[in-house]
Amino acid sequence: MKGGGWAVQQSENKKTLLQKLQEIDPKWIYLIQLIVISYPLLYPLGLPLGTISSETRGLYGAIDALPEGSIVFHAVCMGPAAAAECQPSLEAILKHDLEKGHKLIFYTDQAPGIPYIEQAMQNVLGASKDHPDYGKLYVNIGYIPQTYTGFSAFAADLFFTGSDVYGNDLRSMEFFKDLPTKTASDFDFGITYGSGNFQWIITYLSDPWGVTCGGGIAAGIAAEAYPFYPQKTPGFLVGLRGGAEYEVLIGKPGYAAAGMDAQSLAHLSIIIMVLIGNVAFLLSKMQGGMQKT
Amino acid sequence: MSALESLVVLGAAGMTLALLSYLWRENLFFRIAEHAYMGTAIAYGALLSADAALRILQPHLQKGEYIWLLTVVLGILYLFFFAKQYFFLYRYPTAIVMATGIGVSLARGVKTNLLDQARITTLVTDVSSALIAVGVICGIFYFYATMEPKGPLKAVSSVGRWFLMAAFGAQIGLHVMARTSLIIGRIRFLFFEPPANYMIPVAIIMLLIGIFMDYRKKQP
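Residues numbered from 1 in each chain as written. Chains lettered and ligands numbered in written order. Predicted model: local features only at pLDDT ≥ 70, side-chain atom pairs only at ≥ 80, totals over all residues. Heavy atoms only, no water.

### Description of the overall build of chain B
Reasoning step 1: For chain B, the count of helices and strands is seven helices and zero strands.
Reasoning step 2: Scanning chain B from its N terminus toward the C terminus, one meets helices and strands in the order α-α-α-α-α-α-α.
Reasoning step 3: Its C-alpha atoms give chain B a radius of gyration of 27 Å, more than 25% over the compact-globule value 17 Å for 220 residues.
Reasoning step 4: Each principal axis of the C-alpha atoms in chain B carries an extent, and together these give about 65 × 65 × 40 Å.
Reasoning step 5: Looking at chain B residue by residue over its 220 residues, the buried ones come to 24%.
Reasoning step 6: Excluding contacts between residues fewer than 6 apart, the proportion of contacts in chain B whose partners are at least 24 apart in sequence is 36%.
Reasoning step 7: Accessible area for chain B stands at about 15400 Å²; split by element, carbon and sulfur atoms hold 74% of it.
Reasoning step 8: The centroid of the 18 positive side-chain charges in chain B is displaced by 8 Å from the centroid of its 10 negative side-chain charges. (Helix = DSSP H or I, 4+ residues; strand = E, 2+ residues; numbered from the N terminus. Rg over C-alpha atoms; globule rule 2.2 N^0.38 Å. Buried < 20%, exposed > 50% of the residue type's maximum accessible area, 1.4 Å probe, protein only. Contact = heavy atoms within 4.5 Å. Areas by Shrake-Rupley, 256 points an atom, 1.4 Å probe, with all protein chains shown as cover. Lys, Arg positive; Asp, Glu negative; His and termini not counted. Charge placed at Lys NZ, Arg CZ, Asp CG, Glu CD.)

### Remarks on the pattern of salt bridges
Reasoning step 1: According to the stated counting rule, one finds 11 salt bridges over all chains in the structure shown.
Reasoning step 2: Note that K232(A) and D116(B) form a salt bridge whose closest N and O atoms lie 2.3 Å from each other. Placement of K232(A) in the loop between α10 (222-225) and β6 (236-238) and of D116(B) in helix α4 (residues 87-122) is noted, with the two residues assigned to different chains. One exposure class covers both K232(A) and D116(B), and it is buried.
Reasoning step 3: With its nearest N and O atoms 3.0 Å apart, the salt bridge here joins R241(A) to E245(A). (Salt bridge = Lys/Arg side-chain N within 4 Å of Asp/Glu carboxyl O.)

### A closer look at the sheet that holds strand β1 (residues 71-76) of chain A
Either a parallel or an antiparallel arrangement is found when strands of a sheet pair, and the pairing is made through backbone hydrogen bonds.
Residue and element names in this part refer to chain A.
Reasoning step 1: One open sheet holds the six strands; their spatial order is β3-β2-β1-β4-β5-β6, and the pairing between them is parallel. Looking at strand neighbours, the two that pair on one side only are β3 (138-143) and β6, the edges of this open sheet. The mean angle between the axes of side-by-side strands here comes to 15 degrees, regardless of whether they run parallel or antiparallel.
Reasoning step 2: Where strand β5 (residues 212-217) meets β6, three bridges bridge the pair, whose relative direction is parallel. Looking at the pairing, I217 lines up with V238 of β6. (Pairing = 2+ DSSP bridges. Axes fitted to C-alpha atoms, helices over the stretch in contact; angles between N-to-C directions.)

### Section: empty space enclosed by the protein
Residue and element names in this part refer to chain B.
Reasoning step 1: In this structure the tally under the stated criterion is one cavity of 30 Å³ or more.
Reasoning step 2: Of the residues forming the lining of the largest cavity, the biggest block, four residues, is contributed by helix α2 (residues 28-62).
Reasoning step 3: Residues of the lining of the largest cavity, tallied by class, amount to five nonpolar, no polar and two charged. (1 Å grid on protein atoms, 1.4 Å probe; cavity = no way out; pocket = protein on both sides within 12 Å on 5 of 7 lines; lining within 4 Å. Points joined across faces, edges and corners; volume = space filled by probe spheres on them. Nonpolar A, V, L, I, M, F, W, Y, C, P; charged D, E, K, R; others polar.)

### Some details on the packing of aromatic side chains
Reasoning step 1: Here the structure, examined in full by the defined rule, presents 29 aromatic pairs over all chains.
Reasoning step 2: An aromatic cluster of at least three residues, connected via ring pairs, comprises F73(A), Y107(A), F151(A), F154(A), F187(A) and W200(A).
Reasoning step 3: Here the basic side chain of K103(A) rests over the ring of F175(A), its NZ or CZ set 5.7 Å away from the ring centre.
Reasoning step 4: Its guanidinium or amino end placed over the ring of W24(B), R25(B) lies 4.6 Å from that ring's centre, counting from NZ or CZ. (Phe/Tyr/Trp six-rings, centres within 6.5 Å; stacked < 30°, edge-to-face > 60°. Lys NZ or Arg CZ within 6 Å of the ring centre and 35° of its normal.)

### Here's the deal with the interface of chain A and chain B
Reasoning step 1: Across the contact, 56 residues belong to chain A and 42 residues belong to chain B.
Reasoning step 2: For the pair chain A and chain B, the summed buried area comes to about 4100 Å², and 66% of that belongs to carbon and sulfur atoms.
Reasoning step 3: Contact with chain B buries area across many residues of chain A, yet L41(A), Y143(A) and Q231(A) alone supply 12% of it, more than any other trio.
Reasoning step 4: Connecting chain A to chain B are two salt bridges.
Reasoning step 5: Taken together, the links from chain A to chain B amount to 12 residue pairs in polar contact (both at pLDDT 80 or more). (Buried area = accessible area lost by both parts, 1.4 Å probe. Polar contact = N/O pair within 3.5 Å; in protein donor to acceptor, adjacent residues only side chain to side chain.)

### Considerations on the confidence of the model for chain B
All names here are of chain B.
Reasoning step 1: Across chain B, the average pLDDT comes to 89, with 100% of residues at 70 or higher.
Reasoning step 2: For chain B, per-element mean pLDDT is lowest for helix α7 (residues 199-218), which scores 83, and highest for helix α3 (residues 69-77), which scores 92.
Reasoning step 3: At the level of chain-chain contacts, confidence expressed as ipTM amounts to 0.82, with global pTM at 0.86. (pLDDT = per-residue confidence, 0-100.)

### Brief notes about the side chain of S269(A)
Reasoning step 1: The topology assignment puts S269(A) in helix α12 (residues 255-292).
Reasoning step 2: Non-local contacts of S269(A), meaning those with residues more than four positions away in its chain, are made with Q33(A) and V36(A).

### Points about the nonpolar core
Note that soluble globular proteins tend to have their nonpolar side chains buried in a common cluster.
Reasoning step 1: Ranked by internal contacts, the top residues of the largest apolar core, which has 74 residues, are I105(A), F154(A), F176(A) and F187(A).
Reasoning step 2: When residues of this core are assigned to their parent elements, the largest contribution, seven residues, is made by helix α5 (residues 80-100) of chain A.
Reasoning step 3: In contact with F176(A), other than residues within four places in its own chain, are I105(A), V139(A), I141(A), L158(A), F159(A), L170(A) and K182(A).
Reasoning step 4: Core analysis: the second largest hydrophobic core is formed by 10 residues, L41(A), L240(A), I184(B) and I187(B) among them. (Core = buried A, V, L, I, M, F, W, Y, C linked by side-chain atoms within 4.5 Å.)

### Things to note about unusual backbone geometry
Reasoning step 1: Residue P230(A) is reached from Y229(A) by a cis peptide bond, and omega for that bond is 0 degrees.
Reasoning step 2: In this structure, P230(A) sits in the loop between α10 and β6.
Reasoning step 3: Between P194(B) and P195(B) the backbone carries a cis peptide bond, its omega angle lying at 5 degrees.
Reasoning step 4: Tracing the backbone shows P195(B) in the loop between α6 (151-192) and α7.
Reasoning step 5: Unusually for a residue other than glycine, Q146(A) sits at a positive phi of about 65 degrees.
Reasoning step 6: For Q146(A), the location among the structural elements is in the loop between β3 and α7 (147-156).
Reasoning step 7: Positioned with a positive phi, K182(A) is a non-glycine residue whose angle comes to about 60 degrees.
Reasoning step 8: You can call K182(A) partly exposed: its relative accessible area is 23%.

### Focus on the packing of α7(A) against helix α9 (residues 199-209) of chain A
Residue and element names in this part refer to chain A.
Reasoning step 1: One way to put it is that α7 packs onto α9 with a least axis distance of 10 Å and a crossing angle of 25 degrees. Here α7 is positioned roughly parallel relative to α9, judged by the angle of their axes. For α7 against α9, the interelement crossing comes out right-handed. Counted together, T147, Y148, F151, S152, A155 and A156 of α7 and W200, Y204, L205 and W209 of α9 form the full contact between these two elements.
Reasoning step 2: For the contact of α7 with α9, a count of residues per class yields eight nonpolar, two polar and no charged. (Parallel < 35°, antiparallel > 145°, perpendicular 65-115°, else oblique. Left-handed = near helix turned anticlockwise from the far one by under 90°.)

Right under this line is the structure:
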C-alpha cells in the first residue's frame, strides 16, 4: 500500500510543467478570478470603455427621438440571475425617460421581477407607489403569469388585470384616460429586460401591435437578439457592458460603468488562462510526437 | 439602517458566502443556503402567482361573470398530480394550458421567427448581412443528412461548421460576460453594502478552519 503511494508520488514529481499547467486545480482559477475581479472594484483603474456599439446607439437614438409624453412600456422580465447585468440598463434607460418626460408603464412575467421594478423606481424616480405622479405618469402593472398567453391578453386589453400591483383600480387612473384604444398599440416604445428571451417582445408586441421594441438583455441571450437587428429593433443593450455604454451616452456613468474595469480584467485573465492551457496542450502533444519518433 | 434591515443584509451576505463556499467543496453551509433559497423562491413565486390570479379574477367576478370561476376549478385540478387514483384530472388543466400556449405561439411565432427571419436573412445590404446569409445557408447544410457530403456539398457544410464554431465561441464569450457580471454584483454587495462586509472575515475564518480540518483528515 505504502509502495503504491510512493510510486504515485514519484510519478507526480516527474510531471512536467506543461502537464501541471493542464491539471491546475480549478480552486486556484477561482481564487485568481476572485482577486482579479475584486481589485478593480476596490481600486478603480479607469480603463477606457472603447467604442460604443451600434446596438446601444440605436436604442439610445430611438428613445431620445420619442416626444415628451410618449408611453414607454418596460417589461422587467428578470430574476436574480439576470438582475446584476440588466438592472443597470433598466435604471439608465429610466433616467433617460425621465429626462425626456416619457410616461412609463411596468410589467413583469416573473414573480421575482417585482422587487427590481420597485428598486429601479426608488433609485431613479425617488419613490414607487408613493410618488406624486404615480397613476398619472407611472404605472406598475406587476406580475402577469405566462409570458405568451398572459401578455397577449394584457396587450389586447390594458385593463385585463383590473388593478395594478398595489391593488389600485386601473380604470380610474389618469395614465389611461387619454389612451385611444386601451390596447398595446397605444404604447410608443417597448423594452424587455432579462435573460428569458428577446424574441417574445418582437413576436407579441412589436409585430402584432406595431410598437417599436428594444431590450436591455443578459449577455447570454444576446445571440437571440441579433437576428432582429436592425430590421425589427433599433437596438438593445447587451449585459453590463450595454448598460455602461448607455450610462456614458446619457452622461451619467454609474453602477455599470464602474463594473467595467472588473469585467475587462476578468476577461483578460480568462483569455490568458485559455491561451496558457492551449499552448501547454499543443506543446505537450508536440513533445509526445517527438518522443515517439 | 434599522436593526432589522441590518439583519436582513447580514443574512443575505451569509447566504451569498455560503453559496460561494461550493467553489471550495460541497459543505453543510452550502446545502443550508441552497435549500433555503429554493424554498423561499418557490414560496414567493407561488404566493405572487396566487395574488396575480386573484387580481385578474376579481374584476370579472365583480361584474357577475361567474364563468371565470372555471379557471379556479382548473387550477385546483392541478393538485390532483399528488393523487394516484385521480391523476387523470391533472391532465385537463395541463392540456388546456399547453394547447393555449402552443396555439398562441404558433399563430404569432411562425410569422416573426420563420417567415420574417427567412426574408430578413436574404436581404443582403452590407458585409454583415452577407455574412449572416452565407452563415445561415452553410450552417443549415451542415445538418443536411439526406445525402452523403461530397464535392461542393462537403465544402459548403465545412464552411457551415466554421460559422457554427465562431457562433459557439461568441456565445461562450457572452456567457463569460454574463457570469462575471453576476460575481461582480455579489462582490460589490459584500464589499460596499455595510454591514455585509462584516461577514467576509467570518467566512474567511470558517474557510480556513474547514481547510485545516480537511488537511488533518488526510494525514495518516
